[in-house]
Each structure stands twice: as structure tokens, then as C-alpha cells.
Amino acid sequence: MSFVDLQAILPLLVTAYGGAVLMTLVAFAPGRRFAFGGALAVLIAAFGSIFGAFPASPRQATPLLIIDPYSLYFAGLVLIASILVTLLCHRYLQPREKTSGALFALIVFATVGMITIAASAHFVSFFLGLETLSISLYGLIGYTRRRKQSLEAAAKYLVLAATASAFLLFGIALIYLDTGTMDFLRLGPLLASGERSMSAYLGLVMVLVAIGFKLAFVPFHMWSPDVYQGAPAPVTALIATGSKGAVLALLLRLVYTTSTAPKPWLFAVLAVLSIATMSVGNLLALLQTNVKRLLAYSSIAHLGYLIIPLIAGPPIGPLSIAFYLASYFATNIAAFGVVSVLSAPMEVGEVEEIGEYRGLSRRNPLLAATMALALLSLTGIPLTSGFFAKLYILSSAAQRGLWALLVIAVINSGISAFYYLRVLIAMYTRADGDQTPFPKPGAAAALALGFSVAVIVFFGVYPTPLLKLAEAATRIIAP
Amino acid sequence: MVLTWLVVIPAIGGVLAWIASARSNSLARWVALAAIAVDFALAAGLWISAALTRHGTLIAQQQAPWIPQFGISYHLAMDGLSLLLVTLTTLLGVVSVAVSWTEIQDRVGAFHFAMLMLLSGIIGVFLAYDLVLFYFFWELMLVPMYFVIGLWGHENRIYAAIKFFLFTFISGLFMLASILGVFILHGSATGRYTFDYTTLMAAGGAIPYSFWLMLGFFAAFAVKLPMVPLHTWLPDAHTEAPTAGSVILAGLLLKTGAYGIIRFAIPLFPMASGEVRQAAMILGTVGILYGAVLAFAQSDFKRMVAYTSVSHLGFVLLGIYAGTRIALQGAVIEILAHGISTGALFVIAGVLQERTHTRDFDKLGGLWAAVPKLGGFTLLFAMAALGLPGLGNFVGEFMILLGTFAVSPAIAIVATVGFVLSVVYALRLVQRSMYGPNENDWALPDLGAREMAILGGMAAVIFWLGLNPQPVFNTARRSLESVRQILTTSSTEARYDK
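Here we summarise the structure given alongside this text. Residue numbers restart at each chain and count upward from 1, following the sequence in its written direction. Whichever chain is written first is A, and whichever ligand is written first is 1; the rest continue in order. For a predicted model such as this one, the threshold for reporting local features is a pLDDT of at least 70, and the threshold for listing and counting side-chain atom pairs is 80 or more; totals across whole chains, interfaces and linings nevertheless cover every residue.

**Here's the deal with the overall build of chain B**
Heads up, the condition is: Runs of E in the DSSP output that reach at least two residues are strands. Runs of H or I that reach at least four are helices, and both are numbered from the N terminus. Counting other C-beta atoms within 10 Å of a residue's C-beta gives its exposure: the residue is buried at 20 or more, exposed at 12 or fewer, and partly exposed in between, where C-beta atoms are placed from the backbone. Contacts are defined on C-beta atoms placed from the backbone: any two residues whose C-beta positions lie within 7 Å are in contact.
Looking only at helices and strands, chain B features 19 helices and two strands. Taken over the C-alpha atoms alone, chain B extends approximately 70 × 55 × 45 Å along its principal axes. Looking at chain B residue by residue over its 498 residues, the buried ones come to 62%. Long-range pairs, those at least 24 residues apart, make up 80% of the contacts in chain B with a sequence separation of at least 6.

Below, the structure is given as C-alpha cells:
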């Protein structure tokens, strides 16, 4: 391992060591403010170190990690998401937990996992990253101990993650049995050679199932609404954005580096997954009365849309995934951010039923406007980044001639408008009950929300810079 | 640059009005009025200068890269048709701010912000020369209108707002799919990937699967127009919207559908448009008759006017697809005249609602004695709606029928029945609201100066369109020529094919 290797994995080193130091220090100074500041410093330093690592890229640092513009792009996204989530946690935790230092350290560790996943070039690093992420998330989801749903969700996530890991390990073992390698790059030609036995393909399918669990593809989605609902709202934001984004980035790399030859069967499976995921997600979202569950189903549906460009492939496919994820991150953090800010004054519960959002526009117009913007961006209305995200995904489908998928996605997008509107209407109709204004968000949360809103609006008007970045990032994995 | 100003002035005005509303509501109203009046002056100035100078088909144009990676550019252009519609938009914008002066008391700043954003979107739709930009503005109209209906509307507003949103959003998505289809198929056929209207039009319909792509566009436009049987959102939305919302819906939003057909659906897909021409003319005629019959059966003032819109827009659809020079010119006049006359009827409905708190004919009646000025205007605009010669609608409908007769006498004859039906409903409208005994002892204040100015101005325009429509013809002529050529040649080809 040379110095350049170390330079390349700088973001990972900063987060990992920063997290470890923070965890140690928190043991002595368990105050919320110290841990908050420390986590923020570590994450921001890690984000800054991406620019230090960039000159060293693209570089295979050890057989496990590959640092290229692609992994740096996703590391950047994940770090921004973690920073915003940290900001949201600050005020949210105040009335709930006296000793909240560990939560911030856990966010940093979860970030280590996510960056590792995004930079994986090998099944071993994928598995290590996934476990780091999952174990941190158990702690994060169950952190608000006095809330029953929180503990229930942590237990559910534990079972889910264990199942996914079991599938993953078994799948990796089967692939290794047949090909003798766990390296993505070497796996590609071996799988394409056509002399493989069943076990390699069976292994790939099991890996796909494990990824499907993590990304909540239908039919592996059952855990997602419960966990979204039970987890503390800022943590839900992290699950919805960072953890899904990192795994999706890995899936994209896996599909393109291992399938040098087109694999019709793989794309057929993905197409079925896509249709099932977006349709079931949207239809079940129609039935929800709880905003967090509704957003959970919505995020299932969005992952369904995101499979389309995966199938469509280059040149538009990978680029539109990278763009979509950035927009989706900002949008979901804004939406869950509003939920966390509204819930911040409560000691145990959260503001999560649609009925509780009734009249929000009068009680706090800015929060209502932020939520409205997020919902409109999820629907894909112009002047929000969600519009262009949807546009690129659909054009990737058109470019590959996937007309059936395109029409199904369009119909689904129409259905989705219906449930987003329900929340929107509730916020802007007059409430009969409590009319007292909601307290203003704290400075940290306001910063996070403001940043997300700025991203949504700016890239909703002028998406070109982000598009250029996404293009540069994805060129390397799918030339 | 002037085109960008046309689009952004209302939006800036909207933001300023919202900020101003923190200080005082009437300041917000004045800011909104000033912004849209400036925009109107700009549009009118463009019209005057265009009438006085020689120019090509395009009066003004602006193009800048927006998302170059995807062949999307910020391309605005104005030809005669756009100019007419932008002028109408700003004029009705002034009207709608003015009619809301006393009606809207709740969240005044947000209301004017929504209204002016809506107007920006509509102006953008009329000027966009890039398909993505067009869709961008097209969807941009949706959200403010949704809020205008859903927040400031009448009793059943939420239902109406959702219905409006879903109809337009879903049909719009089909258009989006078609836009992408055009982009990809044109690109793979010619190697030039672009959303630019001029380039795509130059391809002259050499795009594969053009029939299906055309249907995507047509779905969006037919819902907006609205074409029977896709009209069911309209009566609800028009009835439940506040007065200004109804004026803009009837006067402008429906017109974006007609404009879209003339600008995009026909020129981009000439052959496919020839194939659906007959069906579209028949559906237009069905709309004329069906809208008129249903209008007759309504007991709600606004709902009745809403159904007359279905009938009048049936004429527009018929005129466009008849495709002769006279019919197309008639369709343009009808678009403008309907915008003014129906807008005025909604203003009257709003005035009545504000004074009597009802729109129900059973509770109205005998108002003439109490409000003679309002009665006079009601009679005038009802006459316009039934197509009295000398008023704008007559010119439009007569020319549409004349132009259609040359293509298909049978359809023209059936459509003429719509004229008779319109007399029935228009007279009933006046009869039920103004004439008869004043059984409920209504004692109302008559029109104030503000209302007189609004209705008087609209009356002047409707007379002008009826008595001297030539300037409109001159302005629109060049824009309609390509549509005429497409429909007349493609249909003769279709005829030879058989």
C-alpha cells in the first residue's frame, strides 16, 4: 500500500478514524453538544478530503476498494446526507435522550459503511461495508428507547439485515465456488465466458435478493414501512437516502462491471422487479394515513423507477441514476426534515399522522412550504429537481426503446400525484383544533432544510452543473 | 430579451406582492396589478410595433443553452398567434387581479403570488419553442391553479382541485412520454438529438410511430381544451374556482389546449393529424351540441357558463381540424372572443355571488330592477355567447362553419344546430337571473366604478372583435398558413390512398 493509495482512501480514513476517536471521547464527555460538533467536524473534514482524494483517482486501492470519480461522487452524496441528518438530530434529540453522544458517533460509523459500499470493488468490502452500515443502523433506529415503535423497528431491521446478510454470504460463496474470485472486475469475463455452472448464477440471484432486501424492492419490501415509521425521523431520512443510495451505487457498478456481455435474463428479472416495485409502492401508498409510512411506500416506488435506467444502460442510464439520487436525497431529507422539526418539541412521539398536518400552512408557513416543495419534487413538477430527475429516467427508457416500462412509469407517476396531493391538501386546509404556531426550527435544522430546499430549487431551474458532474462521475463505470 | 421579460415580470410581481402583503393587503393588490399591467403594456406595444413593421413569421426570438447535454435549450419565440394569445393573457390577467380586489380577503399575498405564477406559466406556454421548455411551463400552470381552486374556491373546492390536477397531470405525462419519444426517434433517425421545435418541425413528420406520438400530445391538449368525453373536470373546476380562477381557466387555460394543437400536434405530425382529422371534427361537433344541451339543464350560474365553454371550444376544435384558411382564422377569433365573453360572464357570476352569496337560478331572478347596469352587461355578454352579429363570437363561429362547409357540409350543418341551442341557453341565463318578478326582494348595490371599468373594457373588446376583426386576421395569418397546408395536403393524400 503506497502513499497514493492512502491519499485515495482519505475520505474513508477520515470518517473511520474520526468516528473511532469521537466514540472514545464521547465516553468521557457524553454531552450532546460536544458529540454533535465532533460528528459535524469529522463529516465535513471527510467531505473536504474528497477533493484531496480526487487527484489520486481513479485508483484501485488494495484489491478491495476502487476510488474513482464514481465512488467519490457517491461518497460526496452520502457525506452531505449524513451532515444534513446530523444537523436535524441536534434539536430533535434534546428532549428525548440525555446521553445522546453515541448517536452522532453511530451516524459517522454508518457513513463509513456507506462510503465503503459505494467504493467496493470486491464482495468482501461490500459485505464489510454492509455490516458496518447495518450494525450502526440498529443502534440508530432503536436510539429513542422510550418510544415502543422505535425498538420494534430496530428488531425488525435486525431480522431483515441478518436475512439479507445470509443471502449475500451464501450467494458470494456460490459465486466463489464456481469462479474462484470475488473481485468484480475479474468476475465479469468469467461470467461472460458461458461455461459457468448453475451455482454461479444461483449465487448472483442470491446477491441480487440481498440487495433487493436492502433497497426494498417488491417482494422484499415488507420491513420498510415499519422501520421508516419506527425509526426517529432524522434516522429515517438517513435510511431513505444514504443507505439506499450507497447500495444502489454498488448494484449499478456490479451490473456494469460484471456483465460485459448483455444478459437478457438479468434485465428481464430487473424489469419485472421494477414494475412490481413501482406499482406496489404507489398503490399501497394510496392507502396510508401516516406520513412516514406514506413516504416509505413512496421511496419504494422511487427505487422502482430507478431500476429503469439500470436496465436502459449507457449513455443516459447511469447518468440519470446519479442525478436522480442527488435530487432524491435532497427531497427526502427535506420531507423527513420537516417531520423531525415538527416532532422536535415532543418527548416521545412524533407528528406523523396526515391529520396532524392539517392547517400547518397557518401554524408555520415556511415549514409547510418546505414540505410542499418536497412533495412536488417527489411528484416531479417543474421548478423542482424532481422534474428533471424524472425526465432523465424516462428519457433513458425511451433511448433504449423500453416503451412498456416508460408507459408504466408514467402511469405510476400519475397515481403517485394522488397521495402526495393528500398531504399537500391537509397542510393547506383549515384545521379545527390546535391553532398555536409551531415553534421555529433550531438553527441547525433550519440550515439543513434551507440547504435541501436550495438544492431542489436550483437544480430544478438549472440542472446543467449537476448533470455535468453526474456525467463525469458515471462515465468511468459505463463508458 | 423582451420575451423573457414577458414571462418573468408576472412572476417577479407575484413575489413582490407576497412580500408586500406582510405590510398591507391593498399594497399587495396594487403591486400585482402594476406588474400585470406593465406586462400588458409590453404585449400591446409589441403588437403595435409588429403591426407597423415588416417582419417574418417570427416577431421576436431568443435562444440560449439550458441543458446542452440533452439538446434542451431555452428557446422562446413569438409569432402572430403567440402574440395574440399573450396579449389576451395579460389583458385577462389585469381583469382577474381587478375582480379579486374585494372578493379575496384571505391570504391575499399568497393568492396574488399564485395568480401571477400561473400567468407566467401560461405566457411561457405560448412562447416556448423547445419541447421540454414547453412541458416545463405546461406543468408550471398546474400547481398554482390547483392552489387557487383548492384554497380560495367555493364549497366543493377540494374535490374540484384534485380532479383538475389529476386530469391535467396524467394527460400531461402522456405528452411527456411523447416528447421523449420524438426526441429519441428523431435523434436516432437523423443523428441530431434535440428538443428544439424548429428543428423537429423541419423533419416534416419523418418521425416513426408518429401516430402514437401524436396521440400523447393530443391527449394533453384534448383534456385542456376540453374535448368531449375528456371534459368532466371542467364544470367542477370552473364552478368551484374563485372568480379570477374561473376567468383564467375559461379564458386562458382552455386556450393552451387549442394553441398546443395548432403549434405542436399538427405541425410535428402532419400525416397522423390528417388521419385523426375526421374524428376530431366529429368530436368537436359532439362537444358543441353536448355542451349546449347540458348548459341548458344547469341551475347554477357558473356551471352553466362552464358548459357553454365546452360548446364553444367544440367550435374551436372543429375550426382547427377543418383546416381551411377561413376556419382557422375563425378558430383564432373564437379563442379570443370566448376568452373575453366567457370571462365576463364569470365576472358577472362573481359579482352576483359577492352580493347575493348564491349562484342558484332558483334563488336569483328579477334582478334587473335592482341592478340595471349589471343586467345590461349580462344581456350583452349572453348575446355574445349566443353569437349575435356585431360581437366577437359571431365572427368566429360563422367563419368556422363557413370554413367547415367547404370541407364537410354534413358536419357544418349539424354544427349549426349548436347555434340554435346556444340561443336557448343564453336566453335562459338572462331570463332566470335578471327577468321575472323579484320574488326574493333582492335589493343590491349596482356595479361600482371598478366593476364598471372591468366589464366596460371587456365589452369594448368584444365589440371591437365583432366589428373590426381584420387586425387579428393580419396578425395570425402567417402562423396559420403551415397548419392549413398540412391539413389540406395530407387529407388529399389520404383521400387518394383510398
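**Points about the interface of chain B and chain A**
This is how it is decided: Put simply, Ala, Val, Leu, Ile, Met, Phe, Trp, Tyr, Cys and Pro go in the nonpolar bin, Asp, Glu, Lys and Arg in the charged bin, and everything else, Gly too, in the polar bin.
Across the boundary between the two partners, chain B contributes 24 residues, which contact 23 residues of chain A. Mapped by element, the contributors of at least two residues to the side of chain B that touches chain A are α5 (131-140), α6 (142-152) and α7 (157-190) of chain B. Examining the composition of the side of chain B that touches chain A, we find that 14 residues originate from one element, α7(B), more than from any other. A per-class count over the side of chain B that touches chain A returns 20 nonpolar, three polar and one charged.

**Let's talk about the environment of T370(A)**
Residues and elements named next belong to chain A. Secondary-structure assignment places T370 in helix α16 (residues 365-379). Judged by local crowding, T370 falls into the buried class, with 23 C-beta atoms found within 10 Å. With 103 residues separating them along the chain, T370 and F267 place their C-alpha atoms 38 Å apart. Discounting chain neighbours no more than four positions away, the residues touching T370 are A334, V338, L449 and V453.

**Side note on the pairing of strand β2 (residues 72-79) of chain B**
All names here are of chain B. Note the threshold: Only strands that DSSP links by at least two bridges are regarded as paired with each other.
Relative to β2, strand β1 (residues 58-67) is paired through eight bridges, and the arrangement is antiparallel. Bridge pairing links Q62 to L76 in β2. Hairpin connection from β1 to β2: four residues lie between these consecutive antiparallel strands, with G71 at a positive phi of about 65°.

**Points about the environment of A397(A)**
Here A397(A) shows up in helix α17 (residues 385-399). Through-space distance from the C-alpha of A397(A) to that of P439(A) is 45 Å; in sequence the pair is 42 residues apart.

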